[in-house]
Protein chains: 4
Amino acid sequence: MKILADICVTPLTGKTSVREEIALAVGILRETGLPVRLHAYGTNIEGDFDVVMAALKRVHEALHENGVPRISTTMRLGSRIDKDQTLDDKVGVVERLLDESG
Amino acid sequence: MKILADICVTPLTGKTSVREEIALAVGILRETGLPVRLHAYGTNIEGDFDVVMAALKRVHEALHENGVPRISTTMRLGSRIDKDQTLDDKVGVVERLLDESG
Amino acid sequence: MKILADICVTPLTGKTSVREEIALAVGILRETGLPVRLHAYGTNIEGDFDVVMAALKRVHEALHENGVPRISTTMRLGSRIDKDQTLDDKVGVVERLLDESG
Amino acid sequence: MKILADICVTPLTGKTSVREEIALAVGILRETGLPVRLHAYGTNIEGDFDVVMAALKRVHEALHENGVPRISTTMRLGSRIDKDQTLDDKVGVVERLLDESG
């Protein structure tokens with residue numbers, strides 16, 4: 001089952017800067033070879049449900065192994081059977097409508 | 001890896017009442033035998049990452065098989081290595097603090 | 001505009017136990033007098049959009065005043081014009097369907 | 001209070017294509033004049049808490065006025081007092097770390 005997902009990993013470390021932990025997480029998501037797009041409050045990823053979830057599990061495991069005691073992740077995930085859609089499609093159709101109306 | 005998760009499944013069905021789809025989803029989560037708690041904007045579940053995610057996948061598949069063309073799910077999931085914690089623990093510690101301060 | 005909302009506040013404090021911060025947050029939400037239900041991964045609240053958001057703003061402000069340098073909140077919020085629905089309605093209709101099918 | 005937020009509006013209409021509703025929502029967020037970045041599963045926005053929330057309220061109101069009976073929105077929002085940070089900062093620091101490690 002193919003999904004589009006948006007993942008935001010929040011490591012609860014002993015510090016407020018978590019950029020290194022986020023870079024580690026994004027790096028693991030990229031290792032899947034799936035399309036991955038970073039934004040300011042999460043990361044879009046597109047691919048098979050099992051592959052995405054296995055990568056997310058590796059993210060939690062790797063952060064714990066790097067000393068992060070607690071992690072809270074939020075995720076949006078969508079699947080559809082009426083048509084195939086990519087990350088770029090989703091952004092594109094809305095941007096075209098905004099251009100037309102703007 | 002054990003997680004506490006909170007899952008909110010939004011079926012895009014073409015009607016505004018989605019209670020039957022939600023009941024189907026919660027029923028599938030309960031079939032795991034894991035602790036499951038329904039609230040007004042989602043469902044808490046506690047257990048192994050792979051078991052929770054396999055159940056979530058079955059939810060999407062079952063809804064699609066029942067004619068739902070599109071599903072958008074949001075999920076919070078937490079893991080920790082500093083101590084073991086259950087769904088009931090999490091609610092209990094906060095409620096005790098509120099009782100003391102109230 | 002009336003909304004049903006589910007709010008999960010994650011204080012990034014430098015420690016992994018955040019129960020006191022969560023209790024403070026839930027206490028502020030309760031001060032609204034609106035229906036508030038705590039669960040293991042967030043808090044349901046039901047009421048006017050502006051009242052709920054003003055309370056959420058006070059939560060962030062109070063946590064910052066208590067020394068929390070950084071806060072990440074996730075929120076689900078729903079509004080509808082086809083009928084009026086309460087937090088208890090939402091849980092009740094799904095539980096009745098589960099009872100019937102079980 | 002300044003926040004970085006990520007907003008995903010899900011209109012429950014009688015159809016599975018909701019691109020026009022999403023474009024309407026993004027257009028209203030842009031009318032604030034605040035930095036707004038569209039991605040495949042939501043929209044980043046940066047600005048004053050009250051301004052962002054007032055815009056989100058107008059989004060729900062406008063969609064209801066356009067016939068959408070029910071809307072479910074998910075939102076992440078972060079505030080911090082240890083330093084000022086923009087949407088572009090957040091993406092930039094992670095991308096630089098990824099470039100260095102890659």
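Residues numbered from 1 in each chain as written. Chains lettered and ligands numbered in written order. Predicted model: local features only at pLDDT ≥ 70, side-chain atom pairs only at ≥ 80, totals over all residues. Heavy atoms only, no water.

J.: Honestly, the sheet that holds strand β1 (residues 2-12) of chain A in this entry has me stumped. Any pointers?
T.: For sheets, the rule is that strands pair by backbone hydrogen bonds, running either parallel or antiparallel. As summarised here, the arrangement of the eight strands in space is β2(A)-β3(A)-β1(A)-β4(A)-β4(B)-β1(B)-β3(B)-β2(B), forming an open sheet in which the pairing is antiparallel. What marks the edges here is a single partner per strand, and that holds for β2 (36-39) of chain A together with β2 (36-39) of chain B. Across the sheet, the mean angle from the axis of one strand to that of its neighbour is 20 degrees, orientation sign disregarded. Most of the contacts of helix α2 (residues 49-65) of chain B go to strand β4 (residues 70-80) of chain B, to which it runs at about 170 degrees, and overall it touches β4 (70-80) of chain A together with β1 (2-12), β3 (42-48) and β4 of chain B. (Pairing = 2+ DSSP bridges. Helix = DSSP H or I, 4+ residues; strand = E, 2+ residues; numbered from the N terminus. Axes fitted to C-alpha atoms, helices over the stretch in contact; angles between N-to-C directions. Contact = heavy atoms within 4.5 Å.)

J.: How should I be thinking about the pattern of salt bridges in this particular structure?
T.: Where charged atoms from two side chains of opposite charge come close, those side chains can pair. This structure, assessed with the given rule, holds 28 salt bridges over all chains. In this structure, Lys 2 of chain A engages Asp 84 of chain A in a salt bridge whose closest nitrogen and oxygen atoms are separated by 3.1 Å. Taken as a pair, Lys 2 of chain A in strand β1 and Asp 84 of chain A in the loop between β4 and α3 (87-101) lie far apart in primary sequence, 82 residues in all. Across the salt bridge formed by Lys 57 of chain A and Asp 50 of chain B, the nearest N and O atoms sit 2.8 Å from each other. Here the residue Lys 57 of chain A occupies a position in helix α2 (residues 49-65), and Asp 50 of chain B occupies one in helix α2, the pair thus bridging two chains. Judged by relative accessible area, which is 18%, Lys 57 of chain A ranks as buried. Salt bridges here are not isolated pairs; linked through shared partners, they connect Asp 6 and Arg 76 of chain A together with Asp 6 and Arg 76 of chain D. (Salt bridge = Lys/Arg side-chain N within 4 Å of Asp/Glu carboxyl O. Buried < 20%, exposed > 50% of the residue type's maximum accessible area, 1.4 Å probe, protein only.)

J.: Quick question: what am I supposed to make of the relation of the copies chain D and chain B here?
T.: For these two chain copies, the linking operation is a rotation about an axis paired with a shift along it. Superposing chain D onto chain B takes a rotation of 180 degrees plus a shift of 0.0 Å along the axis, which leaves an RMSD of 0.1 Å. With respect to symmetry, the two chain copies, as superposed, fit the operation of a two-fold axis. Ranked by how close their C-alpha atoms come to the rotation axis, the residues of chain D are headed by Gly 14 of chain D, at 2.1 Å. Comparing interface residues between copies, 93% of those in chain D also sit at the interface in chain B, which points to an isologous, same-surface contact. (Least-squares fit on C-alpha atoms with pLDDT ≥ 70 in both.)

J.: Sorry, what's going on with the side chain of Thr 73 of chain D here?
T.: One can find Thr 73 of chain D in strand β4 (residues 70-80). According to the relative accessible area criterion, Thr 73 of chain D is buried, its value standing at 0%. Within the local environment of Thr 73 of chain D, its side chain forms a polar contact with the side chain of His 60 of chain D, the two groups lying 2.9 Å apart. Ignoring anything within four residues of it in the chain, the contact list for Thr 73 of chain D reads Met 75, Arg 76 and Leu 77 of chain C together with Ile 7, Cys 8, Val 9, Leu 56 and His 60 of chain D. (Polar contact = N/O pair within 3.5 Å; in protein donor to acceptor, adjacent residues only side chain to side chain.)

J.: I keep staring at the sheet that holds strand β2 (residues 36-39) of chain C and nothing clicks. Help me out?
T.: One open sheet accounts for eight strands, arranged β2(C)-β3(C)-β1(C)-β4(C)-β4(D)-β1(D)-β3(D)-β2(D); its pairing is antiparallel. A strand with exactly one partner marks an edge of an open sheet, and here the two such strands are β2 of chain C together with β2 (36-39) of chain D. For this sheet, the mean inter-axis angle between neighbouring strands, taken without regard to orientation, is 20 degrees. Two elements, strand β1 (residues 2-12) of chain C and strand β3 (residues 42-48) of chain C, share six bridges in a ladder whose sense is antiparallel. Paired with Asp 6 of chain C across the bridge in β3 of chain C is Asn 44 of chain C. Packing of helix α2 (residues 49-65) of chain C onto the sheet brings it into contact with β1, β3 and β4 (70-80) of chain C together with β4 of chain D, and relative to β4 of chain C it is tilted by some 170 degrees.

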